[in-house]
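Fold and contact review
Here's the letter readout for the chains.
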Amino acid sequence: MHTSDQDIVVSKILTLDIGGTTIKATVLDRTGNLLQDYKKMPTPKNATPQTVLETIQNLVTGFQDYDKISVGFPGYVKKGIVYTAANLGTAAWKNVDLNKLISDTFHKPVRVVNDADMQGLGVASGVGFEIVITLGTGFGTALLLDGHLLPHIELAHHAITKKKTYDDYIGDRALKNSGKEKWNERMKRVLEMLKVVFNYDRLYIGGGNSDKLMFKLDENIKIITNKDGIKGGARLWQLDENLFMKTK
Ligand code: BGC
């Protein structure tokens, strides 16, 4: 079943990008234009569903009206339910129905996806095999084929060395602990590896640390901004609703 006509005329979508370090929010029109500047607040320490909800409530105080809510969440999410959230603390988030929590709080329909997947929808050209990676607290990845999201892979937690996952190797903590130069060497290695493994047509790099890359990127790699990525919040409402419906 496809989105109803009512969904298509919706004009104002509150879009939340929950990150390991900050939570960002803005209101988009249905094509992804920002109807107001995005605002951000620090993600609460030892974030629980309750404290994140409170932060969102504070963040959106004074926002213009909106009809629907899109959420990008930094963990594995399926049909609105969070299973893991490594950078927030998986224990508090395991099996949390974030979709229901947010819709019960704000009384609007909600769609929740992984944060990198939301960015992916915001920036992909829609042609060929495209990958979006985000360099922030954790390593976000989204895979898209002709603009369609492929199943979400938690590549962040795959080992790249004997002892380190991608998150350990190139996440924000690694950048802070090992310095910009070493981190850049590591990023070169990761990009080489992604190229050989995936043979993508285009790779987009977003996230707060994307501006720390100091080497020349291939022609088919593009740096994106948070503003580009957050537009994915509008695209979420053009996807088939079955993707979000719970199986009975
Ligand atoms: C999480 C991913 C998330 C990424 C960026 C990783 O630690 O496992 O789900 O997309 O961080 O926030």
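Note: the structure precedes this text.
Note that this is a predicted model, so its numbers are computed, not measured. (Residues numbered from 1 in each chain as written. Predicted model: local features only at pLDDT ≥ 70, side-chain atom pairs only at ≥ 80, totals over all residues. Heavy atoms only, no water.)

**Some details on the pattern of salt bridges**
Worth spelling out the cut-off: What makes a salt bridge here is a side-chain nitrogen of Lys or Arg within 4 Å of a carboxyl oxygen of Asp or Glu, nothing more. Numbering of helices and strands starts at the N terminus; helices are DSSP runs of H or I of at least 4 residues and strands are runs of E of at least 2. Partly exposed residues are those whose accessible area sits between 20% and 50% of the maximum for their type, while under 20% is buried and over 50% is exposed, using a 1.4 Å probe and protein chains only.
Under the counting rule described, the total for this entry stands at seven salt bridges. The salt bridge partner of Asp-104 is Lys-100, with a shortest N-O separation of 2.7 Å. Highlighted residues: Asp-104 and Lys-100, both in helix α4 (residues 98–106), separated by four residues, approximately one helical turn. Judged by relative accessible area, which is 43%, Asp-104 ranks as partly exposed.

**Focus: helix α7 (residues 172–198)**
One full turn of an α-helix is made of 3.6 residues, so residues set three or four places apart face in the same direction. Quick reminder of the rule: By this rule, a helix spans an expected 1.5 Å times one less than how many residues it contains. Throughout, the bend at a residue refers to the angle made by two axes, fitted to the seven residues ending there and to the seven starting there. Any two residues having at least one pair of non-hydrogen atoms within 4.5 Å are treated as being in contact.
With 27 residues, α7 should reach 39 Å at 1.5 Å per residue; the first-to-last C-alpha distance of 24 Å falls well below that figure. At Gly-179, α7 is deflected by roughly 125°, the largest bend along its length. For α7, the set of buried residues is Asp-172, Ala-174, Leu-175, Trp-183, Asn-184, Arg-186, Met-187, Val-190, Leu-191 and Leu-194. The inward-facing, buried residues of α7 contact β9 (129–135), β10 (139–145), α6 (166–170) and β12 (202–206). One or two steps after α7, the chain reaches Asn-199, where phi turns positive at roughly 50°.

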